[in-house]
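As a plain string of letters, each chain reads:
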Amino acid sequence: MNFYAHITNIILGLWLCQIPMVNAAEIIRSKSLIIESIHIKGSDRLPSDFLENELKIKANVPLTKELLQDLQLKLYGLGLFESVILGIEKSEQQGHIKLNIDLRDDPSVVGSWAVGGTLSISKGEATTSAIGSESSPMGIRTEIIARNILTRLHRGRIEVDMDGQGIYRGISASYGFPRFSKEGVQFDSSIQVNDVRKRYMEGMGFGGRGSALWSYEAGAGTFQYGLGMFTNRLPRFGYPGFPSSIVAPQFSYEQETRLRQFFPTEGHRYKITLMPAGSSNKTIYRAQLSYSKVIPFSILTLDGQYQGIGRKGNSHRLSAQLDIPLGSRRSEGGLFAKYQWGQDRYEDSKFWGRSINIGLRYHSFGLIAELAFKIVREPQISTSLDSGDGL
């Protein structure tokens, strides 16, 4: 779907309803209309009764603008539907209406499990000759994601990052239980490892991360609690001088006002996380703030992350990305440019790095293809990172 048409569908389409014998403006202003019944149709991927149950829609509740907006954003956020149209029909009972939800399955994801993926190919060039040519081979990153596993809204994802020499630089896997979110796909359990010498921006103080969390809606956001794990395994999957491992309870709260699909809509996301370890020096606290804005012919996204480890260490990641949408109704593409900067410190260990990515992204039939050229400054550190062997 064309980006600007998609934005129009979300923002203006919230009130494009079929309203026999009822004026739309009158319904928006009214505080007394009651939803008599809900009917969902149009999807071959999800049974209407299951979807109605997961949405927790109940009859005999007041009709409000906030309720309709929440329903549409939740349904779009699943990444399963090309269009979501809310139809309001007058009931025979005075002061009541019938709510019809007409869905159209998105053909750009494959099958009833809604499988998609990403293939990213990048050619890097180091900004310092001391790094040597070995540090900048071609990178190939492959991701497979399913948004409707077992046709019950379970979500799964696996990603493999490999360089042109066949050495694995990163592996991650995630799984999520049925849950709605504007982000598009959120996961409740995940594990990830990265070669921080070659994928410095992915690590943020630790080469390995894992979590198992329980999530539920809390106000306008999502609260999560469970167990988190951070690890450093030298020489490849760890930061010298940082703690080798931290395992602790994890609590977080996040709120998303954007709809993040191939391109984000305008809005923001913030997330705060606390992992109270047994020692105050190992307690982890994190904060993230991201903001997207539609500007002429493009979308600008700014992102900042901070992580503290007690009073001994901290990490920063800052990025700015500019997307220029191109494409048609059933496939989307765009040019992008992204700048990243990072810094990590723990006691006497300090290092930093930066990268610039310029490339092209294209989306069709569930696959996102990305070709990019990357200019990288490898982490400059106070202690050397051994070369290590490939996996």
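Residues numbered from 1 in each chain as written. Predicted model: local features only at pLDDT ≥ 70, side-chain atom pairs only at ≥ 80, totals over all residues. Heavy atoms only, no water.

Participant: What's the story with the overall build of the protein chain in this structure? I'm lost.
Facilitator: Broken down by element type, the protein chain carries five helices and 19 strands. Across the protein chain, the fraction of contacts at a sequence separation of at least 24, relative to all contacts at a separation of at least 6, is 57%. Accessible area for the protein chain stands at about 18,900 Å²; split by element, carbon and sulfur atoms hold 58% of it. (Helix = DSSP H or I, 4+ residues; strand = E, 2+ residues; numbered from the N terminus. Contact = heavy atoms within 4.5 Å. Areas by Shrake-Rupley, 256 points an atom, 1.4 Å probe, with all protein chains shown as cover.)

Participant: What exactly am I supposed to notice about the side chain of Arg 209 here?
Facilitator: Positionally, Arg 209 belongs in strand S10 (residues 208-218). One buried charged residue, Arg 209, remains without a salt bridge, the closest side chain of opposite sign being Glu 202 at 5.8 Å. Within the structure, the side chain of Arg 209 is placed 3.0 Å from the backbone oxygen of Gly 203, a separation counted as a polar contact. Setting aside chain neighbours within four positions, we find Arg 209 in contact with Ser 190, Ile 191, Gln 192, Glu 202, Gly 203, Met 229, Phe 230 and Arg 286. (Buried < 20%, exposed > 50% of the residue type's maximum accessible area, 1.4 Å probe, protein only. Lys, Arg positive; Asp, Glu negative; His and termini not counted. Salt bridge = Lys/Arg side-chain N within 4 Å of Asp/Glu carboxyl O. Polar contact = N/O pair within 3.5 Å; in protein donor to acceptor, adjacent residues only side chain to side chain.)

Participant: Is there a simple way to think about the side chain of Ser 292 in this case?
Facilitator: Among the secondary structure elements, Ser 292 is positioned in strand S14 (residues 284-295). In this structure the side chain of Ser 292 is engaged in a polar contact, spanning 2.7 Å, whose partner is the side chain of Arg 258. If near-sequence neighbours (up to four positions away) are discounted, Ser 292 is found in contact with Arg 258, Pro 264, Thr 265, Glu 266, Gly 267, Leu 300 and Thr 301.

Participant: Whenever I open this one, the nonpolar core confuses me. Can you help?
Facilitator: Grouped burial of nonpolar side chains is what soluble globular proteins tend to show. One finds Leu 51, Leu 75, Phe 81, Leu 99 and Ile 101 to be the most contacted residues of the largest nonpolar core, which totals 29 residues. Elements with a minimum of two residues in this core: strand S1 (34-41), helix H3 (48-55), helix H4 (65-77), strand S3 (81-90) and strand S4 (96-105). Residue contacts for Leu 99: discarding those within four places in its chain leaves Ile 35, Ser 37, Ile 38, His 39, Leu 68, Leu 71, Gly 87 and Ile 88. (Core = buried A, V, L, I, M, F, W, Y, C linked by side-chain atoms within 4.5 Å.)

Participant: Would you mind going over the packing of aromatic side chains with me for this structure?
Facilitator: The relative placement of two aromatic rings is captured by the distance of their centres and the angle of their planes. Taken as a whole, this structure holds 14 aromatic pairs when the rule is applied. Where Tyr 239 meets Phe 242, the ring centres are 5.7 Å apart and the plane angle is 45°; that geometry is what we call tilted. The burial state of Tyr 239 is the same as that of Phe 242; both residues are buried. Consider the rings of Tyr 253 and Tyr 270, whose centres lie 6.3 Å apart with planes at 45°: the pair is tilted. Taken together, the residues span a long stretch of sequence, with Tyr 253 in strand S12 (residues 245-256) and Tyr 270 in strand S13 (residues 267-275) at a distance of 17 residues. Residue class for Tyr 253 comes out partly exposed when judged on its relative accessible area of 21%. (Phe/Tyr/Trp six-rings, centres within 6.5 Å; stacked < 30°, edge-to-face > 60°.)

Participant: What is the right way to look at the environment of Arg 169 in this model?
Facilitator: With respect to the helices and strands, the residue Arg 169 is situated in strand S8 (residues 168-176). In the structure, Arg 169 is positioned 68 residues away from Phe 237 in sequence and 8.9 Å away in space, judged by C-alpha atoms. A polar contact is formed between the side chain of Arg 169 and the side chain of Asp 163, at a distance of 2.8 Å.

Participant: Looking at this model, I keep getting lost on the pattern of salt bridges. Mind explaining?
Facilitator: A side chain of one charge can pair with a side chain of the opposite charge if their charged atoms are brought near each other. One pass over the structure, following the stated rule, counts 19 salt bridges. The residue Glu 266 makes a salt bridge to Lys 293 at a minimum N-O spacing of 3.6 Å. Here Lys 293 lies in strand S14 and Glu 266 lies in the loop between S12 and S13, a separation of 27 residues in the sequence. Judged by its relative accessible area of 35%, Lys 293 is partly exposed.

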